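# A look at the structure
The residues making up each chain are set out below.
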Amino acid sequence: QVQLVESGGGSVQAGDSLRLSCAASGRAVSNSDIAWFRQAPGKERELVARIQAGWMVGSIKYADSVKGRFTISRDSAKNTVALQMNSLEPEDTAVYYCAARPYAVQDSSEYDWWGQGTQVTVSS
């Protein structure tokens, strides 16, 4: 059984940084596409960042709104994926979810496993 557990959320001021972590069990993150999604109240869920499966380096994709501020990284030894968020803005306020799937050729493929989410609140 695959389980994903997010941690690291919190309440910060605009301009601050947070580091989210997604700990996986039941499946190796190196063999999985791992993504961070977020959902703000009244808005649709959106992809924030994604790292593809790959033993050495996986292809990485970011939403335009977070490019240059957020960094996704994988620690295969710890079986975790992190999302470093810098220069946070009030618009980044949302529940952040970690999701995983087997390597998918089609990037639009659904994710099979989801964490419970962690709240990030950025005040101005």
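Above this note sits the structure.
Notes on the structure in this doc start here.

Thresholds applied
Residues numbered from 1 in each chain as written. Predicted model: local features only at pLDDT ≥ 70, side-chain atom pairs only at ≥ 80, totals over all residues. Heavy atoms only, no water. Pairing = 2+ DSSP bridges. Helix = DSSP H or I, 4+ residues; strand = E, 2+ residues; numbered from the N terminus. Axes fitted to C-alpha atoms, helices over the stretch in contact; angles between N-to-C directions. Buried < 20%, exposed > 50% of the residue type's maximum accessible area, 1.4 Å probe, protein only.

The subject of this paragraph is the sheet that holds strand β8 (residues 80–85). Read across the open sheet, the 4 strands follow the order β1-β3-β8-β7; overall the sheet is antiparallel. Each edge of the sheet is formed by a strand with only one pairing partner; in this case those strands are β1 (3–7) and β7 (70–75). When the angles between neighbouring strand axes are averaged without regard to direction, this sheet yields 15 degrees. With 6 bridges connecting them, β7 and β8 associate as antiparallel partners. For Ser-73, the partnering residue across the bridge sits in β8 and is Ala-82.

Here the focus is unusual backbone geometry. With phi around 60 degrees, Asn-79 is a residue other than glycine that occupies positive phi space. Within the fold, Asn-79 resides in the loop between β7 and β8. Note on Asn-79: relative accessible area 16%, which makes it buried. If you check the backbone angles, Ser-87 has positive phi at about 50 degrees while not being a glycine. In this fold, Ser-87 is placed in the loop between β8 and β9 (94–102). The exposure class assigned to Ser-87 is partly exposed, which follows from its relative accessible area of 43%.

With 8 bridges joining them, strand β4 (residues 32–39) and β9 adopt antiparallel strand pairing. Bridge assignment links Arg-38 to a residue of β9, and that residue is Tyr-96. Where β9 and strand β11 (residues 118–123) come together, 3 bridges link them in antiparallel fashion. Counterpart to Val-95 in the pairing with β11 is Gln-119. For β9 and strand β10 (residues 113–114), the ladder comprises 2 bridges, and the chain directions are antiparallel. Across the sheet, the residue bridging to Ala-99 is Trp-114, located in β10.

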